[in-house]
Amino acid sequence: MKASTRRLEAMGTARWPWPVLPLILLLAAVPGRPEHVRDLEVSEGAPVGTRIGFIGDGALLESGPPYLIVPVTGSAVDTDLAIDQNTGEISTKVPLDRERRASYSLVAIPLSGDNVRVMVRVLDENDNAPTFPAPVMHIEFPENTPRDVKRTLHPARDLDLGIYNTQRYNIVSGNVNNAFRLSSHRERDGVLYLDLQINGFLDRETVPDYSLVIEALDGGSPPLKGEMVVNITIQDVNDNQPIFNQSRYFASVPENATVGTTVLQVFATDADSGENGQVEYSINRRQSDRDSMFRIDSITGLVAVNKLLDFETKELHELVIVAKDHGLQPLETTTFVSIRVTDVNDNQPQINVIFLSDDATPKISESAQPGEFVARISVHDPDSKTEYSNINVTLSGGDGHFGLTTRDNIIYLVIVSLPLDREIQPNYTLSVVATDTGTPPLHASRTIHLQVTDINDNAPEFQREVYHANVMEVSDPGTSVLQVTANDKDEGNNSAISYALVETPDTHSQWFQIDSRSGLVTTRAHVDCETDPVPQLTVIATDNGFPPLSSTATVLVTIHDVNDNEPIFDQSFYNVSVAENEAIGRCILKVRYYHQI
């Protein structure tokens, strides 16, 4: 009862005559006292001060005002409602929010001592829009998914009740070809759950992905709504077989073509993706080319000579080429290749050149020493009874920098004869001539365009050894001083130059900085003519070779003085005595000052 007394005092019981208060509290505590119930309603959007109703309903005289108000614990009556004890009028003190508190409960005690239990119910308004748990959702469908298959999507939730809760969903945009539709159902928890269903036929090769904008609407007027984006990826299935770009291919190859010579290339595409769209090629040996005269690269589709050909033995070869994808259940297709072998002059020598560079291309480093190998040359004359024995091979061109050597007249090697310098001669044209000993002799020639590759054998060179520049003493940091330029005779990374200043504190290099790419020298800090009128900078230019080479240049910066120093006396304090009868105009003190320029 002590707690109830304190609450009554807080509600303004001081207005009651003191002798009446204990009596009222005593009567309220008597068991079996009659209790009246008063139900009131108010909309959650009502303005502050809105009248909700009166405690007394007028039918019961003994329950009329004035009242003692006893709020139910935790009902927030004190903070949210205003109650006039003299009239019993209840009004709003603050804006009400049904989603925060749906009802208020209190007990009013009139002079008669009867209890009046008041229940104020907050009516819902449409003040909350449906909200999805995430703005974006990602799902996947295989492209062969049957119609009506569904996937559950995140439902929207609305804090409002009844008709003001989520009522329906719509696809706003992104539904290409009306491929999807929505279905929904409400569970016991009141949530309208959402499903996405296949409405048509999916084809990844036509539309690989969708981005649906889905809106949820409540039953307000006008309705409130929320949106969610559903990104749908269509997964590939192996439903397309490879297709050749030609139904039949034709090619010809000379009978003296060496093994590995490319004859033609077939090409097939597969509209599927990933492994389903990856195509490999093969020759159907059961239906064609049982002697394996040709081979095919399974990845590129290049058909090449696999064995030596002979026009007199067989003039036409028919191949059946198969293209098969890498699907779990692979699909394949075939095409036909007709290869005609052409006759050639069998007495003509054949020259085969293999370059001995790391990537088998015609090039040699300028650092190559005399005697180093450039290329391997082999020649062949089908008419010779002893292979290679009747062929003479010569090398011309190159200004004497290259030579030809052999030990057995079978294999010839192109070697370096004189030192090379790419900066003087970057390319050479060599000619290999093979001549047989027939009558009349036949010959074959091969032109080699040889590239000399660069090494980092030249350091950067500045345009000057000494640069002169001027800058004002009052210049702000970042002021341009001058730009230095260096050139490198090498190429590529070997000629890429970066600039830097050598750190020399005794020459005040810390006052300046340089852009590593452009060579622009600027001030880093304030300069001082009195400290150093002509700072000396050392600029280093370094190329990007391995190992890097560098060179330096000197920059003399003349700092022009400004009047930035005040005169200074030779003493900070002078003390002098003078007689009181000293004559006017007599000198009693001489001071000195100096001015730093």
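Notes on the overall build of the protein
Counting its secondary structure elements, the protein contains three helices and 42 strands. In the protein, buried positions account for 38% of the 597 residues. Once local pairs closer than 6 in sequence are excluded, the contacts in the protein between residues at least 24 apart make up 66%. For the protein, the exposed area adds up to about 33700 Å²; of that, 51% sits on carbon and sulfur atoms.

Topic: the environment of Q329
Counting through the fold element by element, Q329 comes out in the loop between β22 (316–325) and β23 (332–342). In this structure, the C-alpha to C-alpha distance between Q329 and D239, residues 90 residues apart in sequence, is 9.7 Å.

Quick notes on the sheet that holds strand β39 (residues 536–543)
What holds strands together in a sheet is hydrogen bonding between their backbones, with the strands either parallel or antiparallel. Here we have four strands laid out as an open sheet, ordered β33-β40-β39-β36, and mixed in their pairing. The sheet is open, and its two edges are formed by β33 (466–472) and β36 (497–501), each paired on a single side. Each adjacent strand pair in this sheet contributes to an overall mean axis angle of 30°, direction not counted. Relative to β39, β36 runs antiparallel, the two being bridged by five bridges. Opposite Y499, over in β39, you have A541 as the bridge partner.

Side note on the sheet that holds strand β20 (residues 294–296)
Overall, antiparallel pairing links the three strands, which are arranged β17-β21-β20 in an open sheet. Since the sheet does not close on itself, it has two edges, and those belong to β17 (262–265) and β20, each with one partner. For this sheet, the mean inter-axis angle between neighbouring strands, taken without regard to orientation, is 25°. Pairing analysis gives three bridges linking β17 to strand β21 (residues 302–305), with the strands arranged antiparallel.

Digging into a nonpolar patch on the surface
Taken together, the side chains of V576, V578, I588, L589 and V591 make up a nonpolar region of the molecular surface, amounting to roughly 400 Å² of accessible area. Tracing the sequence through the fold places I588 in the loop between β41 (568–569) and β42 (593–594).

Section: the pairing of strand β26 (residues 373–380)
In the sheet, strand β24 (residues 350–355) pairs with β26 via six bridges, with the strands oriented antiparallel. Counted as the bridge partner of Q350 is H380 from β26. Here β26 runs beside strand β29 (residues 411–416); their pairing, made up of five bridges, is antiparallel. Bridge pairing links R376 to L413 in β29.

Re unusual backbone geometry
Note that the residue after S221, namely P222, is joined by a cis bond; omega there is 0°. The linkage connecting F546 with the following residue, P547, adopts the cis geometry, with an omega of 0°. Note on placement: P547 falls in the loop between β39 and β40 (550–560). One non-glycine residue, S292, lies in positive phi territory at about 55°. Note on placement: S292 falls in the loop between β19 (279–283) and β20. The phi dihedral of A360 is positive, around 60°, even though this residue is not glycine. Within the secondary structure, A360 is located in the loop between β24 and β25 (363–365).

Notes on the confidence of the model for the protein
Overall, the prediction assigns the protein a mean pLDDT of 85, with 89% of residues at 70 or greater. Counted against residues more than four places away or in other chains, residues 1–31, with its pLDDT under 50, gives 38 contacts.

A few points about the packing of aromatic side chains
Each aromatic ring pair is characterised by the separation of its centres together with the angle its planes make. In the structure shown here, the tally under the stated rule is eight aromatic pairs. An angle of 50° between the planes, with centres 6.3 Å apart, marks the rings of F244 and Y281 as tilted. Highlighted residues: F244 in strand β15 (residues 243–244) and Y281 in strand β19, separated in sequence by 37 residues. Note on F244: relative accessible area 10%, which makes it buried. Through a chain of ring-to-ring contacts, the aromatic side chains of F141, F180 and Y210 assemble into a single cluster. The side chain of R151 reaches across the aromatic face of F141, ending 4.4 Å from its centre.

Topic: the pattern of salt bridges
Evaluation of the coordinates by the stated rule reveals 16 salt bridges. A salt bridge links R422 to D454, with the nearest nitrogen and oxygen atoms 3.0 Å apart. With R422 in the loop between β29 and β30 (427–436) and D454 in the loop between β31 (443–453) and β32 (461–462), the pair connects residues that are 32 residues apart, well separated along the chain. No difference in accessibility class separates R422 from D454, as the two residues are buried. One continuous salt-bridge network, built from bridges that share partners, spans R422, E423, D454 and E491.

What to know about the side chain of T145
Locating T145 in the fold gives a position in the loop between β8 (136–142) and β9 (150–153). Residue classification places T145 among the buried residues on the basis of a relative accessible area of 12%. There is a polar contact of 2.5 Å between the side chain of T145 and the backbone oxygen of P142.

Things to note about the environment of H443
Within the secondary structure layout, H443 lies in strand β31. Spatially, the C-alpha atom of H443 lies 8.9 Å from that of I391, the residues being 52 residues apart in sequence. In contact with H443, other than residues within four places in its own chain, are Q348, P349, V433, A434 and T435.

Considering the pairing of β40
The alternating pattern of β40 places S551, A553, V555, V557 and I559 on a buried face and S550, T552, T554, L556, T558 and H560 on a face that is not buried. As judged from the seven bridges shared by β33 and β40, these two strands associate in the parallel manner. Bridged to H468 within β40 is L556. In the sheet, β39 pairs with β40 via seven bridges, with the strands oriented antiparallel. For T542, the partnering residue across the bridge sits in β40 and is S550. Between β39 and β40, which pair antiparallel one after the other, the connecting turn spans six residues.

About the criteria used
- Residues numbered from 1 in each chain as written.
- Predicted model: local features only at pLDDT ≥ 70, side-chain atom pairs only at ≥ 80, totals over all residues.
- Heavy atoms only, no water.
- Helix = DSSP H or I, 4+ residues; strand = E, 2+ residues; numbered from the N terminus.
- Buried < 20%, exposed > 50% of the residue type's maximum accessible area, 1.4 Å probe, protein only.
- Contact = heavy atoms within 4.5 Å.
- Areas by Shrake-Rupley, 256 points an atom, 1.4 Å probe, with all protein chains shown as cover.
- Pairing = 2+ DSSP bridges.
- Axes fitted to C-alpha atoms, helices over the stretch in contact; angles between N-to-C directions.
- Patch = residues over 30% accessible without salt bridge, like charges linked within 9 Å, V, L, I, M, F, W, Y side chains within 5 Å.
- Salt bridge = Lys/Arg side-chain N within 4 Å of Asp/Glu carboxyl O.
- pLDDT = per-residue confidence, 0-100.
- Phe/Tyr/Trp six-rings, centres within 6.5 Å; stacked < 30°, edge-to-face > 60°.
- Lys NZ or Arg CZ within 6 Å of the ring centre and 35° of its normal.
- Polar contact = N/O pair within 3.5 Å; in protein donor to acceptor, adjacent residues only side chain to side chain.

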